[in-house]
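Given next are the chains, with one letter for each unit.
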Amino acid sequence: MSGPLIGMKVVVSAGPTFEDIDPARFLGNRSSGKMGFAIAAVAAQRGAEVVLVAGPVHLPTPEGVRRVDVRSAAQMHRAVMDALPCDLYIGAAAVADFTPRAPLERKLKKQPGQDVLVLELVRTRDILADVAAHPQRPAQVVGFAAETNDVAAYARSKLERKGLDLICANQVGLPGCGFESDDNALLVIDAHGDRPLGPAPKHVLAAQLLDLIGQRIRGGRT
Ligand code: CTP
């Protein structure tokens, strides 16, 4: 095996999480997992040892990648923590920010005349922020931010709040890009500035993103 990432361990999270309401229903989101899977594939091609923590998606496992399948945000948190230490963590998953307080053991039945249902949701643990604050913090911690408006400003505040090295902002709703698409456009932001990548196929963006991260690692930028 050869390649610029040889000797490095990379952990990538990808896809949505499903938060169970009862045995028949869940809260999910539209993430396809394609961006995270593309990053994992390119990292493995470049010689890294790759652990891909995947939410519920129907995508083939990229060659040379160790895949850990999970369903909920809590399971994803545990699997990522179990995969540490590593040199690089890329949080490409669309993790639920809230989950039902207690999933029901039996199917929720509607009551006669019931017009409104109130679901009580509680915050999930932030995997990305926990990785960035971990005693065995990876040298590079990279997040994603999906925004509909004020993309750069919101993403930069996430970079600072979560203690990240780099954040990749997606504008949600850009025609031909995003969740279920094969193409995407990113604004990659660090402490020094920002740089647009794409629009391009997700595997091309994955290669460009890993080029940027590789430069940061070699340049010793933290
Ligand atoms: N993330 C995570 N754990 C969570 C929630 C999010 O690791 N419980 C990570 C995602 O993998 C992604 C980034 O955090 O890398 C997204 O940040 P988040 O604050 O969740 O952004 P949004 O989902 O866009 O939510 P909002 O803008 O409402 O804060």
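Predicted, not measured: the structure shown is a model, and the values here were computed from it.

1. Quick notes on the side chain of Asp 165
Locating Asp 165 in the fold gives a position in the loop between helix H4 (151–162) and strand S10 (166–171). Of note is the side chain of Asp 165, whose polar atom sits 2.7 Å from the backbone nitrogen of Val 141.

2. What to know about the sheet that holds S10
With mixed pairing, eight strands are arranged side by side in an open sheet as S5-S4-S1-S6-S9-S10-S11-S12. Both outer strands of the open sheet, strand S5 (65–69) and strand S12 (193–201), are each paired with one neighbouring strand and no more. Within this sheet the neighbouring strands show an average axis-to-axis angle of 20 degrees, counted without direction. Pairing geometry for S10 and strand S11 (residues 183–190), over four bridges, is antiparallel. From the neighbouring strand, Ala 169 faces S11, where its bridge partner is Leu 187.

3. As for the packing of aromatic side chains
This structure, assessed with the given rule, holds one aromatic pair. Pairing Phe 18 with Phe 26 gives two aromatic rings, centres 4.0 Å apart and planes at 20 degrees, and the pair type is stacked. A relative accessible area of 16% places Phe 18 in the buried class. Between the NZ or CZ atom of Arg 71 and the centre of the ring of Phe 26, over which it lies, the distance is 5.3 Å. Arg 123 extends its terminal NZ or CZ atom over the ring of Phe 98, reaching a point 5.7 Å from the ring centre.

4. Digging into the packing of helix H1 (residues 34–45) against helix H5 (residues 202–219)
Orientation of H1 relative to H5, taken along the N-to-C sense of each, is 55 degrees, at an axis distance of 8 Å. Classified by the angle their axes make, H1 and H5 are oblique. Seen along the crossing, H1 lies across H5 with a hand that is right-handed. Within the contact between the two elements, H1 uses Lys 34, Met 35, Ala 38, Ile 39, Val 42 and Ala 43 and H5 uses Lys 202, His 203, Leu 205, Ala 206, Ala 207, Leu 209 and Leu 210. Residue composition of the contact of H1 with H5, by class: ten nonpolar, one polar and two charged.

5. Some points on the site of the ligand
As a matter of local geometry, the ligand sits amid 15 residues, with Gly 91, Ala 93, Leu 128, Phe 144 and Lys 158 nearest to it. Separating an oxygen atom of the ligand from a backbone N or O atom of Gly 91 is a distance of 2.6 Å. At a separation of 3.1 Å, a nitrogen atom of the ligand approaches a polar side-chain atom of Thr 124. Elements with a minimum of two residues in the shell around the ligand: helix H3 (127–132), strand S9 (140–147) and H4. Here the element with the most residues in the shell around the ligand is S9; it accounts for three residues.

6. Points about the nonpolar core
Ranked by size, the top nonpolar core spans 37 residues in total, and within it Ile 39, Val 50, Phe 144, Leu 209 and Leu 210 carry the most contacts. Grouped together as the second largest cluster of nonpolar side chains are 27 residues, Ala 83, Leu 84, Leu 159 and Leu 164 included.

7. Structural notes on unusual backbone geometry
A cis amide bond, omega 0 degrees, links Leu 84 with the succeeding residue Pro 85. Inspection of the secondary structure puts Pro 85 in the loop between helix H2 (73–83) and strand S6 (88–91). Following Gly 198, the chain continues into Pro 199 via a peptide bond in cis, with omega recorded as 5 degrees. Secondary-structure assignment places Pro 199 in strand S12. Of note, Asp 150 is a non-glycine position whose phi angle comes to about 45 degrees, a positive value.

8. Some words on the pairing of S9
For S9, a buried count of seven out of eight residues is recorded, marking the element as mostly surrounded by other parts of the structure. As judged from the four bridges shared by S6 and S9, these two strands associate in the parallel manner. Across the sheet, the residue bridging to Gly 91 is Gly 143, located in S9. Note: S9 against S10, six bridges, orientation parallel. Its bridge partner lying in S10, Ala 145 is registered against Ala 169. The handedness of the S9 to S10 crossover, carried by H4, is right-handed.

Conventions and cut-offs
Residues numbered from 1 in each chain as written. Predicted model: local features only at pLDDT ≥ 70, side-chain atom pairs only at ≥ 80, totals over all residues. Heavy atoms only, no water. Helix = DSSP H or I, 4+ residues; strand = E, 2+ residues; numbered from the N terminus. Polar contact = N/O pair within 3.5 Å; in protein donor to acceptor, adjacent residues only side chain to side chain. Pairing = 2+ DSSP bridges. Axes fitted to C-alpha atoms, helices over the stretch in contact; angles between N-to-C directions. Phe/Tyr/Trp six-rings, centres within 6.5 Å; stacked < 30°, edge-to-face > 60°. Buried < 20%, exposed > 50% of the residue type's maximum accessible area, 1.4 Å probe, protein only. Lys NZ or Arg CZ within 6 Å of the ring centre and 35° of its normal. Parallel < 35°, antiparallel > 145°, perpendicular 65-115°, else oblique. Left-handed = near helix turned anticlockwise from the far one by under 90°. Contact = heavy atoms within 4.5 Å. Nonpolar A, V, L, I, M, F, W, Y, C, P; charged D, E, K, R; others polar. Near = heavy atom within 4 Å. Core = buried A, V, L, I, M, F, W, Y, C linked by side-chain atoms within 4.5 Å. Right-handed = clockwise from strand over helix to strand, strands pointing away.

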